[in-house]
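Inside the fold
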Amino acid sequence: MLSIINAKLFINGKFQENTALNIDGNKIVSIGKPAFSKTFDVKGNIVAAGYIDIHTHGGLSKDCMEPTISAIETIAKYHLSTGITSFYPTTMTAPIEDIQKAIDNIRDFKNNKFANILGIHLEGPFLSKGASGAHKPELLLDPLDENAHFVFNNKDIVKRVTLAPNKANAAAFTKRCVSNDIQVSLGHDESIDDEIYACVDNGATSVTHMYNCTSRPSRRNNPKKHLGLTEVGLIEDRLFAEVIADDRHVPNALFKLIYKQKGADRICLVSDSLSCAGEKDGEYYIGSGDSKQKIEIEDNVAVIKELNTYAGSITPISKMVAQLYKAGIKKEDAIKMATLTPAKLMNLDNRGDIKEGYMAELNILDENLEVLYTIFNEEVLPH
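This section reports on the structure supplied with the text. All values reported here derive from a predicted model rather than from experimental measurement.

1. Description of unusual backbone geometry
For the bond running from Gly124 to Pro125, omega is 20°, close enough to zero to count as cis. Position of Pro125 relative to the elements: it lies in the loop between strand S11 (120–123) and helix H3 (145–153). You will see that Asn18, though not glycine, has its phi angle at about 50°, which is positive. Topologically, Asn18 is positioned in strand S2 (residues 14–24). For Asn18, a relative accessible area of 65% gives the class exposed. For Asp247, which is not a glycine, the phi torsion comes out positive at approximately 65°. With respect to the element layout, Asp247 can be found in the loop between strand S15 (240–243) and helix H7 (252–262). The exposure class of Asp247 is partly exposed, given its relative accessible area of 31%.

2. Overview of the sheet that holds strand S20 (residues 309–310)
What the four strands build is an open sheet, ordered S17-S18-S19-S20; its pairing is antiparallel. Unpaired on one side and paired on the other, strand S17 (282–286) and S20 mark the two borders of the sheet. Bridging between strand S18 (residues 293–298) and strand S19 (residues 301–304) involves three bridges; their strand directions are antiparallel. Each residue of the ladder has a partner; that of Ile297, found in S19, is Ala302.

Rules and cut-offs
- Here the residue numbering is sequential within each chain, running from 1 through the sequence in written order.
- pLDDT decides what is reported in this predicted model: residues at 70 or higher carry local features, side-chain atom pairs at 80 or more are listed and counted, and totals for whole chains, interfaces and linings draw on all residues regardless.
- Side-chain metrics in this entry use all non-hydrogen atoms of the structure; hydrogen atoms and water are not considered.
- Secondary structure elements follow DSSP: runs of H or I of four or more residues count as helices, runs of E of two or more count as strands, with numbering from the N terminus.
- Burial classification: accessible surface area is computed with a 1.4 Å probe over protein chains only, and a residue below 20% of its type maximum counts as buried, one above 50% as exposed, and the rest as partly exposed.
- By this definition, two strands are paired if DSSP reports at least two bridges between them.

Put into structure tokens, the structure is as follows:
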């Protein structure tokens, strides 16, 4: 039992000054006055819900595709060290049997001390060849029944899927996912608006890493110009936008455009972190087995040299929050995009905010939104 005192609590998108927060084990039990003899004085600093990363491939030289318990434990430990208290391990495009091995491994991971795994995000194999990014195009598939059965066979743990709307059967696949409580995010596509809206009308609710492998206005078989996923994502209120706000994948000036159009209530900050997150400059690999590709870290970002493109990010969400505030984003909104908004997208009812009965997974932030401490399982973990 612990009372956090002299806190500026971030509750439902607003700050509440000089308040105590009482936690018992891993639950918030009350807000207001100190209730326990054991106290932690945060000296006026901000107390916010722990950050949620809905799109991450790994960290500390370990990849979510590696079918070993030690790999997943290392990734969970890495994320907790950056202020992420819950995450969705994200797979790469690979042969289905390799994806299944990764799924089974994550399911078997019995975690009781590091960041929580809330489900798996399948990024691939249902992506478009012309926008495959770091995914091997020869391994991509259409979401037809014969290719998609493994998704629904693992619906106990698969909670997100990235899908290119221009793939065959995309709208029907979206509808089936939603009926099985699997959130569909659109991305890595060469779609036109008709295909995109067909998926949105069937329940797709987000765009995977906006402005990175998301389609732009284009024509098909006649002069008519169609909107792409980037534009539909900006104007369609039913869609949340994942954003890799590392000032590389999405420069700050471009982020402000997305922010002006979508607002913090519809933006989820994501790390899209690779296995090399948390490591020094040098050569590394993403994926495992047939999906394995060489990447390099340079200028604080991971690149695939032979494709002359960025891979995923090496910047944790905690650093994105702080650098967005420094770039002029409202303080409350910078925090919201790492807490309340991803929780809303994923329909989480006990995380992402500070409320009685919610999980006592918290970050202590200074006035510049740098993480000072993470509170997890009633332990105060310094950064």
